[in-house]
Amino acid sequence: MKFTLLLSSLLMLTLVSSHGYASDPYKVVFETTDCSGKTGFATVGPDEIYKVADGDCSHPQHPGQKLKQLLVHDGSGSYKVYTLSQEEAKNVMLDVKEYMRSRKGVLDRSESVIISH
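Bear in mind that the values here come from a model prediction, so they are computed numbers and not experimental data.

Criteria and cut-off values
Residues numbered from 1 in each chain as written. Predicted model: local features only at pLDDT ≥ 70, side-chain atom pairs only at ≥ 80, totals over all residues. Heavy atoms only, no water. Core = buried A, V, L, I, M, F, W, Y, C linked by side-chain atoms within 4.5 Å. Buried < 20%, exposed > 50% of the residue type's maximum accessible area, 1.4 Å probe, protein only. Helix = DSSP H or I, 4+ residues; strand = E, 2+ residues; numbered from the N terminus. Contact = heavy atoms within 4.5 Å. Salt bridge = Lys/Arg side-chain N within 4 Å of Asp/Glu carboxyl O. Pairing = 2+ DSSP bridges. Axes fitted to C-alpha atoms, helices over the stretch in contact; angles between N-to-C directions. Patch = residues over 30% accessible without salt bridge, like charges linked within 9 Å, V, L, I, M, F, W, Y side chains within 5 Å. Areas by Shrake-Rupley, 256 points an atom, 1.4 Å probe, with all protein chains shown as cover.

Visitor: For the nonpolar core, give the residues involved together with the corresponding values.
Guide: Within the largest apolar cluster, twelve residues are counted, these being Val 28, Phe 30, Ala 42, Val 44, Ile 49, Leu 70, Val 72, Tyr 82, Leu 84, Ala 89, Val 92 and Val 96. Those elements that place two or more of their residues in this core are β1 (28-33), β2 (39-44), β4 (66-73), β5 (79-84) and α2 (86-109). The greatest single-element share of this core, amounting to three residues, is contributed by α2. With sequence-adjacent residues up to four places away left out, Val 96 is seen in contact with Val 28, Pro 46 and Ile 49.

Now the structure itself:
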């Protein structure tokens, strides 16, 4: 009896915890670079990205290249701005396109409904 109770408890815990991981929203991870050359990382949801625009300054290690700005909806009607290298901006857009293709593929292959918050 105790073994059955333990086994069923572990099974429930596994199902609940695995469902939590599956419901985490997808995030795009990218490297930021500011005009002075400082770098960092940021994560945003692909549906939050508004657009990529030209930045105000050149890349510190590559003076011939302008940095790009990633505009992200902040939920209050304005945008957060992240500064990226041109290569990283391309990578972000490729990641978003891949995510959207995957999302479309799920809809094409099944009668699933995607609910976004």
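Visitor: Any chance you could break down the environment of Gly 75 for me, citing the residues and the numbers?
Guide: Note that Gly 75 resides in the loop between β4 and β5. The exposed category is assigned to Gly 75, whose relative accessible area is 78%.

Visitor: Can you explain the side chain of Ser 85? Please cite residues and give values.
Guide: Following the sequence through the fold, Ser 85 ends up in the loop between β5 and α2. On the basis of relative accessible area, Ser 85 is assigned to the buried category, the value being 14%. If we skip the residues at most four places from it in the chain, Ser 85 touches His 59, Leu 67 and Lys 68.

Visitor: Describe the pattern of salt bridges, with residues and values.
Guide: Taken as a whole and judged by the stated rule, the model has three salt bridges. Of the charged contacts, one joins Asp 54 and Lys 68 as a salt bridge, the two residues approaching to 2.7 Å between their closest N and O atoms. Of the two residues, Asp 54 is situated in strand β3 (residues 49-58) and Lys 68 in strand β4; the sequence distance between them amounts to 14 residues. Among the ionic pairs, Asp 108 bridges to Lys 104, the shortest N-O distance being 2.8 Å. In this pair, Asp 108 and Lys 104 are both assigned in helix α2, four residues apart and thus about one turn of the helix distant. In this structure Asp 108 comes out as exposed when scored by relative accessible area, which is 56%.

Visitor: Tell me about the sheet that holds β4, and please be specific about residues and values.
Guide: Strand order in the open sheet formed by three strands is β3-β4-β5, and the pairing between neighbours is antiparallel. At either end of the open sheet lies a strand with only one pairing partner, and these are β3 and β5. Neighbour-to-neighbour, the strand axes of this sheet turn through a mean angle of 30°, independent of strand direction. Taken together, the six bridges between β4 and β5 define a ladder with antiparallel strand orientation. Residue Val 72 lies in a different strand from β5, and its bridge partner there is Lys 80.

Visitor: Which residues make up a nonpolar patch on the surface, and what are the values?
Guide: Among the surface-exposed residues, Tyr 50, Tyr 79 and Val 81 lie close enough to one another that they form a single nonpolar patch of about 290 Å² accessible area. The class for Tyr 50 is partly exposed, based on a relative accessible area of 43%.

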